[in-house]
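Residue strings, one per chain:
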Amino acid sequence: MLPTDGYLLDNRRAEAGERFAALATLFDPSTFRHLERCGVGPGWRCWEVGAGGTSVISWLAKKVGPTGKVVATDIDTAWISSAARPPVEVRRHDVATDDPPEEGFDLVHARLVLLHVPDRERALRSMVRALRPGGRLLIEDADPGLQPLPCPDAHGPEQHLADRLRQAVRRLLGDRGADLAYGRTLPRLLREAGLRHVEADGYFPVASPACDALESATVRLVRDALVKAGLATDEEIDRHLANIATGTLDLATAPMISAWGRTA
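Residues numbered from 1 in each chain as written. Predicted model: local features only at pLDDT ≥ 70, side-chain atom pairs only at ≥ 80, totals over all residues. Heavy atoms only, no water.

**Some thoughts on the overall build of the chain**
Consideration 1: Within the chain one finds seven helices and seven strands.
Consideration 2: Taken from N to C terminus, the helices and strands of the chain fall in the order α-β-α-β-β-β-α-β-α-α-β-α-α-β.
Consideration 3: Relative to a compact globule of 264 residues, whose C-alpha radius of gyration would be 18 Å, the chain shows 18 Å and is just as compact.
Consideration 4: Its C-alpha atoms give the chain principal-axis dimensions of about 55 × 35 × 30 Å.
Consideration 5: The buried share among the 264 residues of the chain stands at 59%. (Helix = DSSP H or I, 4+ residues; strand = E, 2+ residues; numbered from the N terminus. Rg over C-alpha atoms; globule rule 2.2 N^0.38 Å. Buried < 20%, exposed > 50% of the residue type's maximum accessible area, 1.4 Å probe, protein only.)

**Observations concerning the packing of helix α1 (residues 14-38) against helix α6 (residues 209-228)**
Consideration 1: Two numbers describe how α1 lies on α6: the axes approach to 8 Å, and their chain directions differ by 155°. Considering their axes alone, α1 and α6 lie roughly antiparallel with respect to each other. Judged by the twist between their axes, the crossing of α1 over α6 is left-handed. Only Ala210, Cys211, Ala213, Leu214, Ala217, Thr218, Arg220 and Leu221 of α6 make contact with α1, whose side of the interface consists of Glu15, Glu18, Arg19, Ala22, Leu23, Thr25 and Leu26.
Consideration 2: In terms of residue class, the contact of α1 with α6 is made up of nine nonpolar, two polar and four charged. (Axes fitted to C-alpha atoms, helices over the stretch in contact; angles between N-to-C directions. Parallel < 35°, antiparallel > 145°, perpendicular 65-115°, else oblique. Left-handed = near helix turned anticlockwise from the far one by under 90°. Contact = heavy atoms within 4.5 Å. Nonpolar A, V, L, I, M, F, W, Y, C, P; charged D, E, K, R; others polar.)

**Description of the pattern of salt bridges**
Consideration 1: Tallied over the entire structure, the rule returns 23 salt bridges.
Consideration 2: A salt bridge links Asp106 to Arg132; the shortest N-O distance between them is 2.4 Å. With Asp106 in strand β4 (residues 105-111) and Arg132 in strand β5 (residues 131-142), the pair connects residues that are 26 residues apart, well separated along the chain.
Consideration 3: Residue Arg166 is joined to Glu215 by a salt bridge in which the shortest nitrogen-to-oxygen separation is 2.8 Å. Taken as a pair, Arg166 in helix α4 (residues 157-175) and Glu215 in helix α6 lie far apart in primary sequence, 49 residues in all.
Consideration 4: Given the relative accessible area of 12%, Arg166 is considered buried.
Consideration 5: Judged by its relative accessible area of 6%, Glu215 is buried.
Consideration 6: A single network of salt bridges, built from pairs that share partners, joins Arg45, Lys69, Glu89, Arg91 and Glu102. (Salt bridge = Lys/Arg side-chain N within 4 Å of Asp/Glu carboxyl O.)

**Some thoughts on the sheet that holds strand β6 (residues 196-203)**
Where strands meet in a sheet, backbone hydrogen bonds hold them as pairs that are either parallel or antiparallel.
Consideration 1: Pairing is mixed in the open sheet, where seven strands are placed in the order β3-β2-β1-β4-β5-β7-β6. The open sheet terminates on both sides in strands that have one partner only, identified here as β3 (88-92) and β6. Here the average twist between neighbouring strands, direction ignored, is 15°.
Consideration 2: With four bridges connecting them, strand β1 (residues 45-49) and β4 associate as parallel partners. (Pairing = 2+ DSSP bridges.)

**Considering the nonpolar core**
Consideration 1: Counting 61 residues, the largest nonpolar core has Trp47, Val108, Met127, Leu137, Ile139 and Leu226 as its most contacted members.
Consideration 2: The element that contributes the greatest number of residues to this core is α6, accounting for eight residues.
Consideration 3: Residues in contact with Met127, not counting those within four places in the same chain, are Trp47, Val49, Val95, Val108, Ala110, Leu114, Leu137 and Ile139.
Consideration 4: Judged by nonpolar contacts, the second largest core, of 21 residues, contains Ala51, Val56, Trp59 and Val88. (Core = buried A, V, L, I, M, F, W, Y, C linked by side-chain atoms within 4.5 Å.)

**Examining α1**
Consideration 1: Its 25 residues give α1 an end-to-end C-alpha distance of 33 Å, which sits within 8% of 36 Å, the value for a rise of 1.5 Å per residue.
Consideration 2: At Phe27, α1 shows its maximal kink, close to 55°; a proline, Pro29, follows between one and four residues later.
Consideration 3: One or two positions beyond α1, positive phi appears at Gly39, with a value near 90°. (Expected span 1.5 Å × (residues − 1). Bend = angle between axes of the 7 residues up to and from the residue.)

**Focus: helix α3 (residues 120-129)**
Since there are 3.6 residues in each turn of an α-helix, residues three or four apart along the chain are aligned in direction.
Consideration 1: Buried residues of α3: Arg120, Ala123, Leu124, Ser126, Met127 and Val128, and no others.
Consideration 2: Contacts made by the buried residues of α3 are with β1, β4, β5 and α5 (186-192).

**Observations concerning the pairing of β1**
Consideration 1: The element β1 is largely enclosed, with a buried count of four among its five residues.
Consideration 2: Across four bridges, β1 lies against strand β2 (residues 69-74) in parallel orientation. Bridge pairing in β2 places Arg45 opposite Lys69.
Consideration 3: Crossover β1 to β2 through helix α2 (residues 55-64) is right-handed. (Right-handed = clockwise from strand over helix to strand, strands pointing away.)

**Quick word on unusual backbone geometry**
Consideration 1: Cis peptide bonds are those with omega within 30 degrees of zero, and the linkage from Pro86 to Pro87 qualifies with 10°.
Consideration 2: In this structure, Pro87 sits in the loop between β2 and β3.
Consideration 3: Positive phi, normally seen in glycine, also occurs at His197, with a value near 55°.
Consideration 4: Examined against the element boundaries, His197 turns out to sit in strand β6.
Consideration 5: Its identity is not glycine, yet Asp250 carries a phi of approximately 50°, on the positive side.
Consideration 6: Among the secondary structure elements, Asp250 is positioned in the loop between α7 (234-245) and β7 (256-262).
Consideration 7: A relative accessible area of 44% means that Asp250 is categorised as partly exposed.

Structure follows, in structure tokens:
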């Protein structure tokens, strides 16, 4: 993740915990399906990059068992420190600037990390370098450019306001270096990094309580930045939050692109 002076979605805020919970509800089933396909099992050594929350760490720990190892890293480990018990090791680490914490991993996984990292190319090289021969890499990142609307069925003023505020949030992310078309590039980037048997798919929820929770937490998290940049008023944000609370907006997420491959 980016340092908190540049990363818009500040993990030190209470809303970050709400976001992690919503993201886990929305995307863990898809992530776990891909990890199962990678073959994670007893004795595997795994690196969870930019872990954020604990749901994926806990799942991996159960899979690798006492003979395996899960190294969970993030630039801010406050939300994952509670998971630091065997087989999990928690380390503060910036994938954009630091060398891999170890090498010889059977699996390296990152979700919603690289699109925020300034030097994505270096970070990706670092993750590939950390793999053993035949090791698996799974990268999952959003691609807001593929589906930019939180309300694809924008049939009223509430939906149009939601769409406008989402565009404002994405403008802030882009201004801080996020690549909002990164997900679609992952298959090519993994092949260019030397991985074999590269595949990818996409997934995005269209409407659920977790989508509402994610939207509400995100808007509250970036509220001050939106107002300061002149992209929204407090009144508009209050109105949008009230609209979310009705449960009638059918809020979608950006598509999550998952790409995976293995080293030679």
